[in-house]
Amino acid sequence: MNELKRILSDRRRFAAFVLLPLLCLLLFFWQKCSGDFGKLLTDAAQYRSLVEAYSGSTPAEIIEDYADNQVFTSLDDRLLAQAEHLNGYGDYLDQVQEQARQLQATSIFGADQNSFTYHNILKTAADFAGCTPAHVHLGNDRALQDWLAFSLADWGLLAAVLLLVISFLDERKKGLAAIVRTCPAGRGHLQLSRLLILLLYSAGMTLLLYYLPLGLSVCIDGGWEDWSRPIQSLAEFGRCIVQMSIREFLIRYFLVKTLCGFLLGVLIWFALSFLARPQMVWLATAAGLVLEYLLYKLIPA
């Protein structure tokens, strides 16, 4: 792990590795409490009490109880939105199947049973056939919902991966690239070491950028004991067709984010390896991000 020691020996780079997760954590809680850090504990306690008060009620009863209430706090809105999702989830599943039957019976979509459109209708109905409202129920999802709404962590992961990949170009800045290439198995062994470092680094940064904020948020808000519920219990996953619990989702999310960070690092590393001047790294990366954003905004879904 001499390569890892070399990377971490740069004090400014090491400081950036440490400060980036801290900045991400600060921004997460800033967004969570809308800049009023004094509300973190009070809102958490109030929402826990609110969920506990309705723990024995059905979603329909919660909606009915709020029907005559004209003044809602943000915590009431959150609970009511979750109750409306759970109350309408069974109807939504029935609507998907009914819509599939109606589309199959129409002359436009049902005439050619070998067409892509017809098979897509069957596929949609089959995908949702395994979903059931039987086990979805209300829980304290405040920490999870705030975490899912925090998108800045993705930019933090991008910045973290970019910092590491740039460190792989140090020998070119110092004029040592030719020496590395002439050493027996020097280049191949070095690249394999860097790939392993990139993979472990992506896993570590995923934990720090994503799961550290989630863990601290759960410590404040509670709710981890409800993670055995189906992921469809959350309104954000009402259209998810994969049968898994919230805990299983978090495990898969970690693996996917780690793999995304690793593949992103490999792609950036590959692209920057063609640059003759290392000074062009930031410009090329910025140009790539701008191009990707324009494609995302301009190409219709």
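Residues numbered from 1 in each chain as written. Predicted model: local features only at pLDDT ≥ 70, side-chain atom pairs only at ≥ 80, totals over all residues. Heavy atoms only, no water.

1. Some words on unusual backbone geometry
Line of reasoning, step 1. Of note, the phi angle at Ser34 is positive, near 55°, even though the residue is not glycine.
Line of reasoning, step 2. By secondary structure assignment, the location of Ser34 is in the loop between α2 (11–32) and α3 (39–53).
Line of reasoning, step 3. Classification of Ser34 as exposed rests on a relative accessible area of 67%. (Helix = DSSP H or I, 4+ residues; strand = E, 2+ residues; numbered from the N terminus. Buried < 20%, exposed > 50% of the residue type's maximum accessible area, 1.4 Å probe, protein only.)

2. What about helix α13 (residues 246–272)?
Line of reasoning, step 1. Along its 27 residues, α13 runs 38 Å from first to last C-alpha, staying within 8% of the 39 Å computed at 1.5 Å per residue.
Line of reasoning, step 2. Taken together, the buried positions of α13 are Ile246, Phe249, Leu250, Lys257, Thr258, Gly261, Phe262, Gly265, Ile268, Trp269 and Leu272. (Expected span 1.5 Å × (residues − 1).)

3. Let's talk about the packing of aromatic side chains
Line of reasoning, step 1. Enumeration according to the criterion identifies 14 aromatic pairs in this entry.
Line of reasoning, step 2. Ring geometry for Phe237 and Phe249: centres 4.9 Å apart, planes at 65°, overall edge-to-face. Pair noted here: Phe237 is in the loop between α12 (186–221) and α13 and Phe249 is in helix α13, with a separation of twelve residues, a long-range link.
Line of reasoning, step 3. Here a set of aromatic residues connected by ring pairs shows up, and it is made of Trp147, Tyr210, Tyr211, Phe237, Phe249, Tyr253 and Phe254.
Line of reasoning, step 4. The side chain of Arg78 reaches across the aromatic face of Tyr47, ending 5.9 Å from its centre. (Phe/Tyr/Trp six-rings, centres within 6.5 Å; stacked < 30°, edge-to-face > 60°. Lys NZ or Arg CZ within 6 Å of the ring centre and 35° of its normal.)

4. With respect to a negative patch on the surface
Line of reasoning, step 1. Negative charge collects at one region of the surface, where Glu61, Glu64, Asp65 and Asp68 lie side by side.
Line of reasoning, step 2. Looking at where Glu61 falls in the secondary structure, it is placed in helix α4 (residues 59–66).
Line of reasoning, step 3. Judged by its relative accessible area of 42%, Glu61 falls in the partly exposed class. (Patch = residues over 30% accessible without salt bridge, like charges linked within 9 Å, V, L, I, M, F, W, Y side chains within 5 Å. Areas by Shrake-Rupley, 256 points an atom, 1.4 Å probe, with all protein chains shown as cover. Salt bridge = Lys/Arg side-chain N within 4 Å of Asp/Glu carboxyl O. Lys, Arg positive; Asp, Glu negative; His and termini not counted. Charge placed at Lys NZ, Arg CZ, Asp CG, Glu CD.)

5. Thoughts on the confidence of the model for the protein chain
Caution applies to low-pLDDT parts of the model: their predicted coordinates are not meant to be read in detail.
Line of reasoning, step 1. For the protein chain, the mean per-residue pLDDT works out to 85, and 89% of the residues sit at or above 70.
Line of reasoning, step 2. Helix α11 (residues 177–182) is the least confidently modelled element of the protein chain, averaging 54 in pLDDT, while helix α8 (residues 142–148) averages 94, the highest of any element. (pLDDT = per-residue confidence, 0-100.)

6. What to know about the nonpolar core
Line of reasoning, step 1. Counting 48 residues, the largest nonpolar core has Leu144, Trp147, Leu164, Leu214 and Leu250 as the members making the most contacts within it.
Line of reasoning, step 2. Taken together, the elements giving at least two residues each to this core come down to α2, α3, α8, α9 (152–167), α12 and α13.
Line of reasoning, step 3. Ranked by residues supplied to this core, first place goes to α12 with ten residues.
Line of reasoning, step 4. When near neighbours in sequence (up to four residues on either side) are disregarded, Leu250 contacts Leu144, Trp147, Tyr211, Leu214 and Trp227.
Line of reasoning, step 5. In terms of nonpolar packing, the next biggest core, distinct from the first, is built from 18 residues, Leu50, Ile62, Leu86 and Val136 among them. (Core = buried A, V, L, I, M, F, W, Y, C linked by side-chain atoms within 4.5 Å. Contact = heavy atoms within 4.5 Å.)

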